[in-house]
Amino acid sequence: MSITTITTEDLRRMEEKEGLILQGCGGDLKEWVDGINDMLTEAGILKEGSRFGDVSTFQYGELTCLLFPFEDVKLEIGKLAMWRLQTHEDFGGTWLSDFVPNRLGGFIGEPSPEPEKPDCALIGQDGNVFNLVGIASRTLRRNGMAGQAKEMTDRVFASGSYHEALNIIGEYVNIISVDEPERRPSVRRQMKETKTADPSEKQKPARQQER
């Protein structure tokens, strides 16, 4: 097992990779890695004796974080998604592909757009799938994403399992805890919403507009 120290700039160069990030890992990092490997093995998430061996650590503000890359491990990804939600209050677990756009401004080489997925407080809610999809759908509609809300709902109700339904919801919204504050809209989004609401905009000749 190896634990490599990296920077947040290194994370921004991992566009083609995916992994699990745990936040607030104080103390002996080797004990953390061993403990997480044991927990995921007992939960049936790590399969066929697979374990995370090459783990990275980095600082995000005052938090010590660990990145568990998905390369070279055999995972039950649906169970991992559930485990991440259930343990979020303890470990602050998130995906690499969500952490970089939402916290670090995007991957290097890309423009730095606002996150496409709006925050949605599902952790701590009634876990009934009808309740969760309803909350997520309302969140999407509030953010002007009615088409995505319908698409998500149709996919969830056509899914074959609870785990699959959660993964689908996570494709459309950034799942957070009810105790975690939502991000304020970016300046660009606020400007876009202001322009949309401005009656004078409707009087202008039709032009090709940005999305």
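Residues numbered from 1 in each chain as written. Predicted model: local features only at pLDDT ≥ 70, side-chain atom pairs only at ≥ 80, totals over all residues. Heavy atoms only, no water.

### Observations regarding the pairing of strand S2 (residues 19-23)
Okay, step 1: The element S2 is extensively covered by neighbouring structure, given that five of its five residues are classed as buried.
Okay, step 2: On S2, burial covers both faces: Gly-19, Ile-21 and Gln-23 on one face and Leu-20 and Leu-22 on the other are all buried.
Okay, step 3: Relative to strand S4 (residues 63-69), S2 is paired through five bridges, and the arrangement is antiparallel. Counterpart to Gly-19 in the pairing with S4 is Pro-69.
Okay, step 4: Pairing of S2 with strand S5 (residues 94-95) involves two bridges; the strand directions are antiparallel. Pairing of Leu-20 across the sheet is with Trp-95, part of S5. (Buried < 20%, exposed > 50% of the residue type's maximum accessible area, 1.4 Å probe, protein only. Helix = DSSP H or I, 4+ residues; strand = E, 2+ residues; numbered from the N terminus. Pairing = 2+ DSSP bridges.)

### Here's the deal with the nonpolar core
Okay, step 1: By size, the foremost hydrophobic cluster in this structure holds 22 residues, and its most contacted members are Phe-52, Phe-68, Leu-80 and Trp-83.
Okay, step 2: When residues of this core are traced back to their parent elements, those giving at least two are S2, helix H2 (29-42), S4 and helix H3 (77-86).
Okay, step 3: Among the elements that line this core, the one with the most residues is H2, at five residues.
Okay, step 4: Beyond its immediate stretch of four places on either side in the chain, Phe-52 contacts Val-33, Asn-37, Leu-40, Leu-46, Phe-68, Pro-69, Phe-70, Val-73 and Leu-75.
Okay, step 5: One finds Ala-149, Met-152, Ile-168 and Tyr-172 within the second-largest nonpolar core, a separate group that totals 21 residues. (Core = buried A, V, L, I, M, F, W, Y, C linked by side-chain atoms within 4.5 Å. Contact = heavy atoms within 4.5 Å.)

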